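Analysis of the macromolecular model
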Amino acid sequence: MTTPTITALAPLLERLFDEAEAASGATETAVADLSDSDRARMMRSKTDHRDLYGRLKDAPLAVSRETGALLYMLARSSRAWSIVEFGTSFGISTLHLAAGLRDNGGGRLITSEFEPSKAARARANLSAGGLIDLVEIREGDALKTLSTDLPDTIDLVLLDGAKALYPDILDLLEGHLGPGAIIVADNADDSPDYLARVRSPGSGYMSTAFADDVELSVRIS
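The model shown is predicted, which means the values in this text are computed figures rather than measured ones.

Here we look at the overall build of the chain
Tallying secondary structure elements over the chain gives 11 helices and 7 strands in all. Relative to its length of 221 residues, the chain is compact, with a C-alpha radius of gyration of 16 Å against a globular reference of 17 Å. By its C-alpha atoms, the chain is 55 × 45 × 30 Å across when sized along the principal axes. In the chain, buried positions account for 50% of the 221 residues. Here the contacts in the chain between residues at least 6 apart in sequence split such that 72% fall between residues at least 24 apart. Entry remark: accessible area of the chain is about 10100 Å², with carbon and sulfur atoms responsible for 54%.

Here's what the structure looks like:
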């Protein structure tokens, strides 16, 4: 019996999650001079978020173990072949999604990361996991990198970059989302405009809060 890719990745993922948890103190220090209100404002700003994420350029900003497992399960259960991710960071979420593609028999994962150093770390982690052949990492502003050369049909989307840009990223991808397409938005509470959009009656989506600050949406029309 063939070992599932996600099982084979367990040691690598555990190490990366442990490293992310160990870095939490340094991450907090990077924004220690900001008040809670300043952090919230910068998180929800379409311009000031660059300063915030610049401070966090060395932080893993990883999804939780539970969200990682959810991503793999969704990719597998939907038999996804084409996935787009906004916000690569060190590639922990990317590994889960790419593992789903591998166990589905292949496919393409396009992911976008603003910080070149994070993209390099993600590329190394994906290579270590034997999944780099399934992944295209696009460096730079996602509003540009995700505006062209997208698959005709996208099966699964992960939004986990600058929260203020979630509605704009959805604008870029929406024409490629058919009925049944899945969107996972991490830390969605920090993007109220996005939540209002996907939860609105008649929006074409069915959407619900899932787990800790994760919004799970499905295109229904």
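Notes on the environment of I92
As for its placement among the helices and strands, I92 is situated in helix α7 (residues 92–104). Classification of I92 as buried rests on a relative accessible area of 5%. Along the sequence, I92 and L143 sit 51 residues apart, while their C-alpha atoms lie 22 Å from each other.

Section: the nonpolar core
I83, L95, L131, L156 and V184 are the most contacted members of the largest nonpolar core, which totals 34 residues. For this core, the secondary-structure elements that each account for two or more residues are α2 (10–22), α6 (65–77), α7, α8 (116–128), β3 (135–139), β4 (156–159), β5 (182–186) and β7 (214–219). Discounting chain neighbours no more than four positions away, the residues touching L156 are L71, A75, A80, S82, I83, V84, L97, I182 and V184. Of all hydrophobic cores here, the second largest spans 24 residues; its members include L170, A185, L195 and Y205.

Structural notes on the pattern of salt bridges
Enumeration over the complete set of coordinates arrives at 14 salt bridges. The closest approach of N and O atoms between R197 and E174, which form a salt bridge, is 3.0 Å. Here the residue R197 occupies a position in helix α11 (residues 192–199), and E174 occupies one in the loop between α10 (166–173) and β5, the gap between them amounting to 23 residues. In this structure R197 comes out as partly exposed when scored by relative accessible area, which is 24%. Each of E14, D18, E21 and R65 takes part in one network of salt bridges that share partners.

What to know about α8
Counted at 1.5 Å a residue, the expected span for α8 with its 13 residues is 18 Å, and the 18 Å between its end C-alpha atoms agrees. Every buried residue belonging to α8 is among K118, A119, A122, N125 and L126, and all of these are buried. One side of α8 carries all its buried residues, which in axial view fall inside an arc of 125°. Check the buried side of α8 and you find it contacts α2, α7, β2 (108–113) and β3. Looking at the residues trailing α8, positive phi occurs at G130, about 70°.

Concerning the environment of L126
In this structure, L126 sits in helix α8. Separated by 114 residues in the primary sequence, L126 and L12 place their C-alpha atoms 9.9 Å from one another. Apart from residues lying up to four places away in sequence, L126 is in contact with T94, L95, L131, I132, V135 and I137.

Quick notes on the packing of aromatic side chains
Counted according to the given criterion, the structure contains 2 aromatic pairs. Ring centres of F86 and Y166 lie 6.2 Å apart, and the angle between their planes is 75°; this geometry places the pair in the edge-to-face category. Of the two residues, F86 sits in strand β1 (residues 82–86) while Y166 sits in helix α10, which places them 80 residues apart along the sequence. A residue is classified by how much of its surface remains accessible, and F86, at 7% relative accessible area, is buried. Cluster of aromatic residues (ring-pair linked, three or more members): F86, Y166 and Y194. Directly above the ring of F90 sits R121, whose terminal nitrogen or CZ lies 4.1 Å from the centroid.

Cut-offs and rules
- Residues numbered from 1 in each chain as written.
- Predicted model: local features only at pLDDT ≥ 70, side-chain atom pairs only at ≥ 80, totals over all residues.
- Heavy atoms only, no water.
- Helix = DSSP H or I, 4+ residues; strand = E, 2+ residues; numbered from the N terminus.
- Rg over C-alpha atoms; globule rule 2.2 N^0.38 Å.
- Buried < 20%, exposed > 50% of the residue type's maximum accessible area, 1.4 Å probe, protein only.
- Contact = heavy atoms within 4.5 Å.
- Areas by Shrake-Rupley, 256 points an atom, 1.4 Å probe, with all protein chains shown as cover.
- Core = buried A, V, L, I, M, F, W, Y, C linked by side-chain atoms within 4.5 Å.
- Salt bridge = Lys/Arg side-chain N within 4 Å of Asp/Glu carboxyl O.
- Expected span 1.5 Å × (residues − 1).
- Arc of directions from axis to C-beta.
- Phe/Tyr/Trp six-rings, centres within 6.5 Å; stacked < 30°, edge-to-face > 60°.
- Lys NZ or Arg CZ within 6 Å of the ring centre and 35° of its normal.

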